[in-house]
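# Structure assessment
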Amino acid sequence: MKKIFIIFITIFVGANLSAQSYEELVNKSFDFADAKDYTGAELTLKQAMRLEPDNPMNSALLLNLGTYQRNLGKLDEALISYNAALGRSPQATFLLHNRAALYCEMGSYDNALIDYSSILAKDPDDMEALYRRALIFTTRGGLLEAEADFNKILAKDPENLDAKSGLAMLLKRREQWEEAEIAYTYLLSKNKNNAELYFQRAEAYFQQKKLARTLEDLSKALSLGYDYPTLYILRGRVRLAQYDKYSAKQDFLKAQEMGAQEDIIEPLLKLCK
């Protein structure tokens, strides 16, 4: 009976939607999206586009459809929607931005890099594309390329915090820990309530064996809302260095509970025995 009821409801909803106009369906999809009912939003948008497949608005609707599918975790379907939107409007950089972000979400950084570079070929001053491309370069070890992109941002916006933080991150990647500490201290002098900056400086302190300062920054980061597995892993490592294996184990278990990767946590837990 349950299956029959679901089938009946699906047929009823489909019939009800088909009786509405294109504009009514589009507006209904917005109502669903406002209510965070992305399944309903996806269904009504698909119905609208089936009703008028050649409507010029469909390019924008395909972008919306892809976004709803991303929210539903349907990443492959979202990519199809974004590709279809770009097929209709290949020069639309806002579509490339969305597809690049989706590629990053899917772990397809090579394709994301292509999209961000395409955006920058059209508009070399696109700050978002410069920043996102710099982050990808950083994760791939292209530190010189990342540095160039961060500096391009600062040439346009000398006080850009993201770019300055990016350059400080590059110092860490190069294991220039003292220089990284100085960079983060400067940034914190102007951004005293930035939890991320406290966490990043804590790692620079830890690498220099400044354990008390590391714990102080981690405590400050936590008090400002930086509640992530990485913080507990770093704090656990500090406590291991202080020979407090019990407290270290509790931190590692907390990080594990929060979703930290097993291949990172297991070796650390063994050190607590």
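Nothing here was measured: the structure is a model prediction, and the numbers come from that model.

With that settled, the discussion passes to the overall build of the protein chain. Secondary structure summary: the protein chain contains 16 helices and zero strands in total. Expected size for 273 residues packed as a compact globule is a radius of gyration near 19 Å; at 24 Å, the protein chain overshoots this value by more than 25%. Principal axes of the C-alpha set define a box for the protein chain whose edges measure 70 × 55 × 30 Å. Sorting the 273 residues of the protein chain into buried and exposed places 41% on the buried side. Sequence-distant contacts, at least 24 apart, represent 43% of the contacts inside the protein chain between residues at least 6 apart. Approximately 15,300 Å² of the protein chain is accessible, and the part contributed by carbon and sulfur atoms is 54%. The positive charge centre, built from 35 side chains, and the negative charge centre, built from 38, are 5 Å apart in the protein chain.

Moving on, we get to helix α6 (residues 93-105). Spanning 13 residues, α6 covers 18 Å between terminal C-alpha atoms, matching the ideal 18 Å at 1.5 Å per step. Among the residues of α6, L95, L96, H97, R99, A100, L102 and Y103 are the ones counted as buried. Buried positions along α6 lie against α4 (58-71), α5 (75-88), α7 (109-122) and α8 (127-139). Once α6 ends, the next one or two residues include G107, with phi positive near 80 degrees.

This paragraph deals with the nonpolar core. Ranked by internal contacts, the top residues of the largest apolar core, which has 43 residues, are L61, Y68, L95, Y116, A146 and F150. When residues in this core are grouped by element, the largest group, six residues, is from α8. The next biggest cluster of nonpolar side chains, apart from the first, holds 32 residues, and it includes W177, Y184, F199 and L231.

Another point: the environment of L63. On the secondary structure map, L63 appears in helix α4. On the basis of relative accessibility, which here comes to 11%, the residue L63 falls in the buried class. On a C-alpha basis, the gap between L63 and T185 in space is 41 Å, while along the polypeptide they are 122 residues apart.

Our focus in this paragraph is helix α16 (residues 262-270). Helical periodicity: at 3.6 residues per turn, an α-helix aligns residues three or four positions apart in one direction. Within α16, the full set of buried residues consists of I265, L268 and L269. Seen along its axis, α16 keeps its buried residues to an arc of 100 degrees; they face one direction. Exposed residues pointing more than 90 degrees away from the buried face of α16 are listed as D263 and K270.

So, on to the confidence of the model for the protein chain. Here the protein chain averages 91 in pLDDT, while 93% of its residues score no lower than 70. Low pLDDT (under 50) marks residues 1-18, which in the prediction has six contacts with non-local residues, meaning those over four places away or in another chain.

In this model, the largest pocket occupies a volume close to 650 Å³. Around the largest pocket sit 23 residues that line it, and R173, F199, Q200, E203 and T230 are the ones nearest its centre. For the lining of the largest pocket, the secondary structure elements donating two or more residues are α7, α8, α10 (161-173), α12 (195-207) and α14 (229-241). Residues of the lining of the largest pocket, tallied by class, amount to 12 nonpolar, five polar and six charged.

Applying the stated criterion across every chain yields a total of 16 salt bridges. Note that D115 and R99 form a salt bridge whose closest N and O atoms lie 2.8 Å from each other. Of the two residues, D115 sits in helix α7 while R99 sits in helix α6, which places them 16 residues apart along the sequence. Each member of the pair, D115 as well as R99, is classed as buried. One salt bridge connects R140 with D110, and the closest N-O pair in it is separated by 2.2 Å. Remark: D110 occurs in helix α7 and R140 occurs in the loop between α8 and α9 (143-156); sequence separation between them is 30 residues.

Reading the values: rules and limits
- Residues numbered from 1 in each chain as written.
- Predicted model: local features only at pLDDT ≥ 70, side-chain atom pairs only at ≥ 80, totals over all residues.
- Heavy atoms only, no water.
- Helix = DSSP H or I, 4+ residues; strand = E, 2+ residues; numbered from the N terminus.
- Rg over C-alpha atoms; globule rule 2.2 N^0.38 Å.
- Buried < 20%, exposed > 50% of the residue type's maximum accessible area, 1.4 Å probe, protein only.
- Contact = heavy atoms within 4.5 Å.
- Areas by Shrake-Rupley, 256 points an atom, 1.4 Å probe, with all protein chains shown as cover.
- Lys, Arg positive; Asp, Glu negative; His and termini not counted.
- Charge placed at Lys NZ, Arg CZ, Asp CG, Glu CD.
- Expected span 1.5 Å × (residues − 1).
- Core = buried A, V, L, I, M, F, W, Y, C linked by side-chain atoms within 4.5 Å.
- Arc of directions from axis to C-beta.
- pLDDT = per-residue confidence, 0-100.
- 1 Å grid on protein atoms, 1.4 Å probe; cavity = no way out; pocket = protein on both sides within 12 Å on 5 of 7 lines; lining within 4 Å.
- Points joined across faces, edges and corners; volume = space filled by probe spheres on them.
- Nonpolar A, V, L, I, M, F, W, Y, C, P; charged D, E, K, R; others polar.
- Salt bridge = Lys/Arg side-chain N within 4 Å of Asp/Glu carboxyl O.

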